[in-house]
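# An overview of the molecular structure
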Amino acid sequence: MGLLATLQSNFQRVLLYESPELQLKTRQLIPHEALTAAAQQELNKAKKADQDCRLGREDFLVLQLLRWFKQDFFSWVDCLPCSGCGGRTRNAGSLSPSTDDVRWGAQRVENHFCPTCDRSTRFPRYNNPEKLLETRRGRCGEWANCFTLCCRALGLEARYVWDSTDHVWTEVYSEAQQRWLHCDSCENVCDKPLLYEVGWGKKLAYIMAFSKDQVVDVTWRYSHKHTEVLTRRTSVREAWLVHAINGLNTNRQRYLAAERKKQLSERLIVELVEFLSPKEVKAGDLGGRSSGSLAWRIARGETRAGDPTFQTGNPGFVFTPNEDEKRNRLVHVRYSATKDQYCRVSRGSEVTRGWDHCVWKKDAVFRKVESDWQMVYLAREETSATGRISWKFDFSPAGMRVQSVSIMASCKSFHSGRVCWHVHAGKTRAEFSGDGVMHPLSALNGCSEFTVSAELSGGEGEASWQHAQLFRQSLSEDVVSFEIIVQLLDA
């Protein structure tokens, strides 16, 4: 498909999101009241921490929607389990689409073949967001398509973003910040536009954003190498592209109210000014891709394997007692792999979402969700021989020390995979088992700080990275995967 046909097709398809009936159907599937309440809570926290906070509730609603969509609603598909025996399949090419497949926009049907029972399982690549509300699975195309619909159903201004190097995502307009925010539902990532070029190593060329009223060439938001990108934009002349986009916009906007046209023009001017200056690279842009198989990522150049500039071991979060914990002489923390959240039991059951948001250091570790098998766990990255992760506790700022420590950690190993757990405080070091049982660690008694660490290694074959797992559990379970209880004394 040529570039003009791609522009026309995507510009037409985003109109599906505007159906009032489809938006109502979508809202009935979204726990919008709970997400809105959580967004308000996070906004209140932000304002308390920063009196100059200029964010709005909708900004936090976007974050909540991203989290819900990835963790609770949609699932990633590499290959479906066999429809006969439930075993693993492999992609064996294409099958002919049925009349119903074509009705829902699936011009292509993948053949997921099971060598065990010689059976083919069909995987239609649906392109209609209404059908995706039912199937709730796919790859980046299905994810971005359905997530953009969810945004529109909640009244958020959203654009479907197409990247010529084979990826798609969403942008949401922030009224509070007066700018468009990059949102990738596959990755549960917001406002990290350099993720693809810097983090995944993509060689970008054309990136277009489509809303119901406008097409915008947003390539420059996603690159800090503008001159290099220009050398790859050879499909059409730049003047032709500008003319084509202007023509599409003029035709679509001919019946819009003058006020809406003015609003679109003003926003576009702000974007064009933003595009003039290439962005600076920040540490947060250096994340490799976390969705899809390694082969799928390597095929698209979307992994940072072997790149010496990719480092994730910078010190991070430290658990320190607040006033309630000092008064109760207790720090009690739990982590649930299924919910992917920490619960600070000793701090009024305060919740922190995201496995790495309370981590001290991490190196080559990521959270794996096996949507086909409904399992979740932490593992080392596929291209790394070893993965490491640690959590740090420091009681010295509160003038306290350890009376006793008990730790429960769960892990699972297969074949020759290994998981080694240990704690250390100064010169003191002790190992413990990740057997899901609470272990008292008297070696830490009296210390003012300590670190809990896990190392993942070993395994066999191409799947060796999966042979050492932390916190493995079923997505249908709601159990504690990791728990630390610290009784405190005055120093």
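What you see is a predicted model, and the numbers here were worked out from it, not measured in a lab. (Residues numbered from 1 in each chain as written. Predicted model: local features only at pLDDT ≥ 70, side-chain atom pairs only at ≥ 80, totals over all residues. Heavy atoms only, no water.)

Scanning the protein chain from terminus to terminus reveals 13 helices and 27 strands. For 491 residues, the compact-globule formula gives about 23 Å, and the C-alpha radius of gyration of the protein chain, at 25 Å, lands near that figure. Based on the C-alpha atoms only, the size of the protein chain along its principal axes is roughly 75 × 60 × 45 Å. A burial count over the protein chain gives 49% of its 491 residues as buried. With an accessible surface of roughly 22,700 Å², the protein chain has 49% of that area assigned to carbon and sulfur atoms. In the protein chain, 66 positive and 60 negative side-chain charges are present, and the distance between their average locations comes to 1 Å. (Helix = DSSP H or I, 4+ residues; strand = E, 2+ residues; numbered from the N terminus. Rg over C-alpha atoms; globule rule 2.2 N^0.38 Å. Buried < 20%, exposed > 50% of the residue type's maximum accessible area, 1.4 Å probe, protein only. Areas by Shrake-Rupley, 256 points an atom, 1.4 Å probe, with all protein chains shown as cover. Lys, Arg positive; Asp, Glu negative; His and termini not counted. Charge placed at Lys NZ, Arg CZ, Asp CG, Glu CD.)

A few words now on the packing of aromatic side chains. Summed over all chains, the structure comprises 29 aromatic pairs. Taken together, W68, F69, F73, F74, W76, W143 and F147 form an aromatic cluster joined through their ring pairs. In this structure, K131 packs its charged tip against the face of Y126, placed 5.4 Å from the ring centre. (Phe/Tyr/Trp six-rings, centres within 6.5 Å; stacked < 30°, edge-to-face > 60°. Lys NZ or Arg CZ within 6 Å of the ring centre and 35° of its normal.)

To continue, consider unusual backbone geometry. With a phi angle near 55°, Q178 is a residue other than glycine that sits in the positive phi range. Note that Q178 resides in the loop between β7 (167-174) and β8 (179-184). On the basis of relative accessible area, Q178 is assigned to the partly exposed category, the value being 46%. The phi torsion at H415 lies on the positive side, around 55°, for a residue other than glycine. Tracing the sequence through the fold places H415 in the loop between β21 (411-413) and β22 (418-425). Note on H415: relative accessible area 63%, which makes it exposed.

Before going further, it helps to examine the sheet that holds strand β18 (residues 375-380). Read across the sheet, four strands follow the order β17-β18-β26-β21 without closing on themselves; strand pairing throughout is antiparallel. Two strands lie at the open edges of the sheet, namely β17 (365-370) and β21, each paired on one side alone. Here the average twist between neighbouring strands, direction ignored, is 35°. Inspection of the sheet shows β18 paired to strand β26 (residues 468-474) by three bridges, in the antiparallel sense. Within β26, the residue paired with V376 across the bridge is Q473. (Pairing = 2+ DSSP bridges. Axes fitted to C-alpha atoms, helices over the stretch in contact; angles between N-to-C directions.)

A separate point is the nonpolar core. Core analysis: the largest hydrophobic core is formed by 54 residues, its most contacted members being L7, L65, W68, F69, C183, M208 and F210. Non-local contacts of W68, meaning those with residues more than four positions away in its chain, are made with L29, I30, P31, L35, F73 and C150. Grouped together as the second largest cluster of nonpolar side chains are 42 residues, V402, V452, L456 and V486 included. (Core = buried A, V, L, I, M, F, W, Y, C linked by side-chain atoms within 4.5 Å. Contact = heavy atoms within 4.5 Å.)

This paragraph deals with helix α2 (residues 20-27). Within the span of α2, buried status applies to L22, Q23 and T26. Looking down the long axis of α2, one finds its buried residues gathered within 100° of arc, a one-sided arrangement. Structural note: α2 exposes P20 and E21 on the side pointing more than 90 degrees away from its buried face. Among the structural elements, α6 (129-135) and α7 (140-153) are those in contact with the buried residues of α2. (Arc of directions from axis to C-beta.)

We now examine the packing of helix α4 (residues 57-73) against α7. Relative orientation of the contacting elements α4 and α7 amounts to 130°, with a least axis distance of 11 Å. With respect to α7, the element α4 is oriented oblique. As for how α4 packs across α7, the hand of that crossing is right-handed. Within the contact between the two elements, α4 uses L65, L66, W68, F69, K70 and F73 and α7 uses W143, C146, F147, C150 and C151. In the contact of α4 with α7, the residues fall into 10 nonpolar, no polar and one charged. (Parallel < 35°, antiparallel > 145°, perpendicular 65-115°, else oblique. Left-handed = near helix turned anticlockwise from the far one by under 90°. Nonpolar A, V, L, I, M, F, W, Y, C, P; charged D, E, K, R; others polar.)

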